[in-house]
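# Structural overview
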Amino acid sequence: IMPSLVGSEMCIRDRSEGHENQEHARKIIMYHRRRHVTALDFKEIAARGFNAVRVPFGYWIVTGPTHGDPYIGPNLELLDCAVRWAGENGLQVCSS
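A brief look at the structure comes next. (Residues numbered from 1 in each chain as written. Predicted model: local features only at pLDDT ≥ 70, side-chain atom pairs only at ≥ 80, totals over all residues. Heavy atoms only, no water.)

## Topic: the overall build of the chain
As a reminder of what qualifies: Strands are runs of DSSP state E lasting at least 2 residues, helices are runs of H or I lasting at least 4, and numbering of each runs from the N terminus. Any pair of residues with heavy atoms lying within 4.5 Å of one another is described as a contacting pair. Here the accessible surface of atoms and residues is derived via Shrake-Rupley with a 1.4 Å probe, and residues count as covered only by protein chains that are part of the display.
When its secondary structure is counted, the chain shows 5 helices and 2 strands. Element order for the chain, N to C, with α for helix and β for strand: α-α-α-β-α-α-β. In the chain, of all internal contacts separated by at least 6 residues, the share reaching a separation of at least 24 is 61%. Carbon and sulfur atoms provide 58% of the accessible area of the chain, an area that totals close to 6,800 Å².

## A word on the packing of aromatic side chains
Any pair of aromatic rings gets described here by the distance separating the centres and the angle formed by the planes. Stated precisely, the cut-off is as follows: Centres within 6.5 Å are what make two rings of Phe, Tyr or Trp a pair, Trp counting through its six-membered ring; a difference in plane orientation under 30 degrees is then read as stacked, over 60 as edge-to-face, and the rest as tilted.
Throughout the structure, instances matching the rule amount to 2 aromatic pairs. A centroid spacing of 5.7 Å and a plane angle of 55 degrees characterise the contact between Phe42 and Trp85, whose relative ring orientation is tilted. Of this pair, Phe42 sits in helix α3 (residues 39-47) while Trp85 sits in helix α5 (residues 76-88); the two residues are 43 residues apart in sequence, bridging distant segments of the chain.

## Details of the pairing of strand β1 (residues 52-55)
What counts, and what does not: Only protein chains enter the accessibility calculation, which uses a 1.4 Å probe; a residue is then buried when its area is under 20% of its type maximum, exposed when over 50%, and partly exposed in between. Only strands that DSSP links by at least two bridges are regarded as paired with each other.
Burial along β1 is one-sided: the face carrying Val53 and Val55 is buried and the face carrying Ala52 and Arg54 is not. As judged from the 4 bridges shared by β1 and strand β2 (residues 92-95), these two strands associate in the parallel manner. Paired with Ala52 across the two strands is Gln92, which belongs to β2.

Take a look at the structure:
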């Protein structure tokens, strides 16, 4: 399942950069993260015969932003969900 460029987190971040209400921008990104990939996606991947998923993530998901980076984090719950959903569907996880 391929994310579209239009709906990517980076696109959302870029559109909100400099926006007066950064809290609103943060809420939009968190909403996107909760709905972009779901447990149903992992079920579908397994149903199509795949045995592994790649879960890419930026360092800010683990550490939070550093050096004034415009990212939102940490958000380890997001990774926990991906690993749990993969396990529930017999999928291995390759993190990067």
